[in-house]
Amino acid sequence: MEWFNVGRIVNTHGIRGEVRILSTTDFEKERFAVGNKLAAFKKDDKKPTWVTIQSVRRHKNFILLTFEGMNNINLVEPFKEGLLKVTKDQMTDDLLQENEFFFHEIIGCTVVSEEGETIGVVNDILQTGANDVWVVKGSKKEHYIPYIEDIVKDIDVVEKKIVIHVMEGLL
């Protein structure tokens, strides 16, 4: 089965079974909605425990979740430093609008200039207020490429290739 990370359980929060999540997903509100089922992988575990979100709230840079039937710190403590994942079936295209992509489709793509020069490979995506910024690992340094129409000219997720217009000062 193919799994996609949507969050990392960084700690517990309080004594009533809340866990502190560092989101790694592209659709936070949809992924962490009350009633959603997620696969919780304990640290160094290959088999998930399926959990259903009972409550969700934001606290600073984290998302705090509780899971149905786990209303005690002792029940969620084993998940600390674990991962929350979804299956490929849960990655429905109806979440995407035109010119939107899932993180896993962009991460790993090779970025090239319009002239064909290889810039590097996308290894992370930073979500800013205005637009996403792709972190591209080059041979010598990292580059930060904003996902805007003036810069990103073509995205081929099948070939894992992105063509960008290199403006002065971008690299």
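Up top is the structure.
Residues numbered from 1 in each chain as written. Predicted model: local features only at pLDDT ≥ 70, side-chain atom pairs only at ≥ 80, totals over all residues. Heavy atoms only, no water.

One open sheet holds the six strands; their spatial order is S10-S9-S8-S7-S12-S11, and the pairing between them is mixed. Looking at strand neighbours, the two that pair on one side only are strand S10 (142–146) and strand S11 (152–156), the edges of this open sheet. Sheet twist, expressed as the average angle between the axes of neighbouring strands with direction ignored, equals 35°. As defined by bridge partners, S11 adjoins strand S12 (residues 161–164) across four bridges and the pair is classed as antiparallel. (Pairing = 2+ DSSP bridges. Helix = DSSP H or I, 4+ residues; strand = E, 2+ residues; numbered from the N terminus. Axes fitted to C-alpha atoms, helices over the stretch in contact; angles between N-to-C directions.)

Before going further, it helps to examine the packing of aromatic side chains. Per the stated rule, a full pass over the model turns up three aromatic pairs. Measuring from centroid to centroid gives 5.8 Å for Trp 3 and Trp 50, while their planes differ by 45°, and the two rings are tilted. Here the residue Trp 3 occupies a position in strand S1 (residues 3–13), and Trp 50 occupies one in strand S4 (residues 49–59), the gap between them amounting to 47 residues. For Trp 50, a relative accessible area of 45% translates into the label partly exposed. Three or more aromatic residues link up through ring pairs in this structure, and these residues are Trp 3, Phe 41 and Trp 50. (Phe/Tyr/Trp six-rings, centres within 6.5 Å; stacked < 30°, edge-to-face > 60°. Buried < 20%, exposed > 50% of the residue type's maximum accessible area, 1.4 Å probe, protein only.)

What follows deals with the sheet that holds strand S3 (residues 37–41). Two strands in a sheet stick together by hydrogen bonds in their backbones, pointing the same way (parallel) or opposite ways (antiparallel). Within the closed barrel, the six strands sit side by side as S1-S2-S5-S4-S3-S6. Their pairing is antiparallel. Averaged over neighbouring strand pairs, the angle between their axes works out to 50° when direction is ignored. As paired elements, strand S2 (residues 18–23) and strand S5 (residues 62–67) share three bridges and run antiparallel to each other. Bridging from a neighbouring strand, Ile 21 pairs with Ile 63 of S5.

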